[in-house]
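Architecture at a glance
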Amino acid sequence: MIRRLLATPGRWAVVGLSTNTARAAWGVAAYLKDSLGHEIVPVHPHGETVHGAEGVTRLADIVGPVDVVDVFVNARLAGAVVDEAIAIGARAVWLQLGVIDDAAANRARAAGLDVVMDACPAIEGPRLGLG
């Protein structure tokens, strides 16, 4: 599943992505866009444009389909983001390293979403020889 999500061109909503270059989300989003060729949509309360992609303040503001919701928020906030991902019809949720919420992951799976938890695309991609 990880290989398929990373290797298949898609639209990734990166929740928690801002212009703060010191944050992991900034570098991972660059990897998704520049190395793997995914479209990114920054999702952050400030709705900032990042890596040339116009941002939104919440998942519900995204126009069009979302393939993967990449979750860069504190684990105690992840459940609400997963519920929003389900509500917008995302195809998968990717919970970053340290973002563990088994109940939310189970809700996503029950809704038919692919789920990756406690992993990073920028680690998994190179490990699989991608990008």
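Conventions and cut-offs
- Residues numbered from 1 in each chain as written.
- Predicted model: local features only at pLDDT ≥ 70, side-chain atom pairs only at ≥ 80, totals over all residues.
- Heavy atoms only, no water.
- Helix = DSSP H or I, 4+ residues; strand = E, 2+ residues; numbered from the N terminus.
- Rg over C-alpha atoms; globule rule 2.2 N^0.38 Å.
- Buried < 20%, exposed > 50% of the residue type's maximum accessible area, 1.4 Å probe, protein only.
- Phe/Tyr/Trp six-rings, centres within 6.5 Å; stacked < 30°, edge-to-face > 60°.
- Core = buried A, V, L, I, M, F, W, Y, C linked by side-chain atoms within 4.5 Å.
- Contact = heavy atoms within 4.5 Å.
- Arc of directions from axis to C-beta.
- Polar contact = N/O pair within 3.5 Å; in protein donor to acceptor, adjacent residues only side chain to side chain.

Turning next to the overall build of the protein. Secondary structure summary: the protein contains five helices and five strands in total. Overall, the protein shows an N-to-C arrangement of helices and strands of α-β-α-β-β-α-β-α-β-α. For 131 residues, the compact-globule estimate of 2.2 N^0.38 gives 14 Å, and the C-alpha radius of gyration of the protein, at 13 Å, lies within 12% of that figure. Each principal axis of the C-alpha atoms in the protein carries an extent, and together these give about 35 × 30 × 25 Å. Looking at the 131 residues of the protein, the share that counts as buried comes to 47%.

Turning next to the packing of aromatic side chains. By the definition in use, this model includes one aromatic pair. Each ring, one from W12 and one from W94, has its centre 5.7 Å from the other, and the planes form 45°; the classification is tilted. With W12 in strand β1 (residues 11-15) and W94 in strand β4 (residues 92-95), this pair connects stretches of sequence that are 82 residues apart. Judged by relative accessible area, which is 0%, W12 ranks as buried.

On to unusual backbone geometry. In this structure, H51 is a non-glycine residue whose phi angle is positive, near 55°. Mapped onto the elements of the fold, H51 is located in the loop between β2 (39-43) and β3 (68-71). Non-glycine residue D118 carries a positive phi angle of around 60°. As for its position among the elements, D118 is in the loop between β5 (114-117) and α5 (121-127).

If you look at the biggest cluster of nonpolar residues, it comprises 24 residues, and the most contacted ones within it are L59, I62, V69 and V71. Listing elements by their share of this core, those giving two or more residues are β1, β2, β3, α3 (75-88), β4 and α4 (102-110). Sequence-distant contacts of L59, that is, excluding residues within four places in its chain, are made with A13, V15, V43, V69, V81, E84, A85 and I88. W12, A25, A92 and W94 belong to the second-largest nonpolar core, a separate cluster that totals 23 residues.

Turning our eyes to something else, we now look at α4. Listed in full, the buried residues belonging to α4 are A104, A105 and A108. The buried side chains of α4 occupy one side of the element, clustering within an arc of 100° when seen end-on. Summarising the contacts, the buried residues of α4 are in contact with α3, β4 and β5. A side-chain oxygen of the first residue of α4 lies 3.2 Å from the backbone nitrogen of A103; this N-cap is D101. Positive phi appears at G112, one or two residues downstream of α4, with a value of about 95°.

Okay, the side chain of E124 next. Assignment of secondary structure puts E124 in helix α5. We classify E124 as buried; its relative accessible area is 14%. Of the polar contacts made by the side chain of E124, one reaches the side chain of R127; its length is 2.5 Å. Apart from the residues lying within four places of it in its own chain, the contact partners of E124 are I2, L6, W94 and A119.

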